[in-house]
Amino acid sequence: MSAPVLLVLGAGPGVGLAVARLFARDDHAVFLACRLPEEAEPLAAQLRGEGFDAEGVGVDLSDPADVTRVVTEVGQQHGRIDVLHFNPSMFRQADPLQLSVPELIEDFTIGAAALLPAVQAALPFFAEGARVLVTGSAAADKPWNQAASLGVQKAAVRNLVTTLDTTLAPKGIRAVAVQINGVLGEGAFTRDRVAQALHAAAVRPLDEWTPHTSYDG
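Residues numbered from 1 in each chain as written. Predicted model: local features only at pLDDT ≥ 70, side-chain atom pairs only at ≥ 80, totals over all residues. Heavy atoms only, no water.

*Asks:* Describe the side chain of His28, with residues and values.
*Replies:* Along the chain, His28 falls in the loop between helix 1 (15-25) and strand 2 (29-34). Contact partners of His28, with chain neighbours within four places excluded, come to Pro4, Val5, Leu6, Phe23, Asp53, Asp82 and Val83. (Helix = DSSP H or I, 4+ residues; strand = E, 2+ residues; numbered from the N terminus. Contact = heavy atoms within 4.5 Å.)

*Asks:* Describe the packing of aromatic side chains, with residues and values.
*Replies:* Enumeration according to the criterion identifies 2 aromatic pairs in this entry. Between Phe91 and Trp144, the aromatic rings sit 6.4 Å apart at their centres with planes inclined by 20°, giving stacked as the arrangement. Residue Phe91 is found in the loop between strand 4 (83-86) and helix 4 (101-113), and its partner Trp144 is found in the loop between strand 5 (131-137) and helix 6 (148-168); the two are separated by 53 residues along the sequence. Using a relative accessible area of 52% as the deciding quantity, one classes Phe91 as exposed. Owing to a relative accessible area of 45%, Trp144 belongs among the partly exposed residues under this scheme. With a centroid separation of 5.2 Å and 70° between ring planes, the pair formed by Phe189 and Tyr215 is classed as edge-to-face. A residue pair is termed long-range when its members are at least 10 positions apart, and Phe189 in the loop between strand 6 (174-180) and helix 7 (191-202) and Tyr215 in strand 7 (residues 212-215) qualify at 26 residues. Residue Phe189 shares its accessibility class with Tyr215, and that shared class is buried. (Phe/Tyr/Trp six-rings, centres within 6.5 Å; stacked < 30°, edge-to-face > 60°. Buried < 20%, exposed > 50% of the residue type's maximum accessible area, 1.4 Å probe, protein only.)

*Asks:* Before we move on, can you summarise the packing of helix 4 against helix 6 with the specific residues and values?
*Replies:* Two elements in contact, helix 4 and helix 6, have axes separated by 9 Å at closest approach and are oriented at 40°. The angle between helix 4 and helix 6 places the two elements in the oblique class. In this structure, helix 4 crosses over helix 6, and the sense of that crossing is right-handed. Residue-level contacts link Leu104, Asp107, Phe108, Gly111 and Ala112 of helix 4 to Ser149, Val152, Gln153, Ala156, Val157 and Leu160 of helix 6. Looking at the contact of helix 4 with helix 6 residue by residue, the class counts come to 7 nonpolar, 3 polar and 1 charged. (Axes fitted to C-alpha atoms, helices over the stretch in contact; angles between N-to-C directions. Parallel < 35°, antiparallel > 145°, perpendicular 65-115°, else oblique. Left-handed = near helix turned anticlockwise from the far one by under 90°. Nonpolar A, V, L, I, M, F, W, Y, C, P; charged D, E, K, R; others polar.)

*Asks:* How would you sum up the side chain of Asp66? Please name residues and give values.
*Replies:* Its location among the elements puts Asp66 in helix 3 (residues 64-78). At 2.7 Å, the side chain of Asp66 forms a polar contact with the side chain of Arg69. With sequence-adjacent residues up to four places away left out, Asp66 is seen in contact with Gly58, Val59 and Asp60. (Polar contact = N/O pair within 3.5 Å; in protein donor to acceptor, adjacent residues only side chain to side chain.)

The structure is reproduced here in structure tokens:
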């Protein structure tokens with residue numbers, strides 16, 4: 001049987017890479033998906049340099065067909081996907097009087113709606129015990145008016161996780177959004193501390209499962 005597989009959508013050098021490292025230590029093969037392959041490959045190379053199995057891939061999260069393609073290719077390569085980590089956030093500094101409808105839709109598509117084709121494409125490769133892990137934000141409850149689209153993304157993706165968890169639970173698959181109630185990089189909210197909270201939420205036993213958890217530092 002092949003090693004378990006982690007696929008990170010919206011990977012980056014911060015939380016995405018740190019979460020991948022934790023799952024790699026749990027013997028997962030890791031796929032890091034960034035907007036461009038040339039952004040993803042150096043991240044994967046870091047993990048390979050530490051002795052882990054990692055690959056970088058490019059994905060356009062604004063294009064559902066490309067999300068489907070990448071998730072399917074990863075699933076077919078190993079025959080399984082065990083953890084799907086949805087990590088994108090679109091930060092656009094624009095208040096509600098400046099934000100246009102196309103801008104809001106673009107940010108929402110990448111930061112929330114892309115989760116749907118990702119999970120739908122991963123489903124044939126999920127087995128009982130698979131997990132969907134989403135990086136949430138305090139912006140879901142306390143949006144900053146100068147980045148209005150971010151709060152919409154985070155509130156929407158949290159809502160999607162609730163319905164995904166209920167829908168997937170009969171198959172033995174669970175989904176969780178971890179709300180990060182702090183500023184990344186400050187104090188207790190270093191990328192490693194946040195990654196530990198995300199990892200812990202995903203590996204909890206079923207009798208402790210909830211579709212939402214919070215990391216308060």
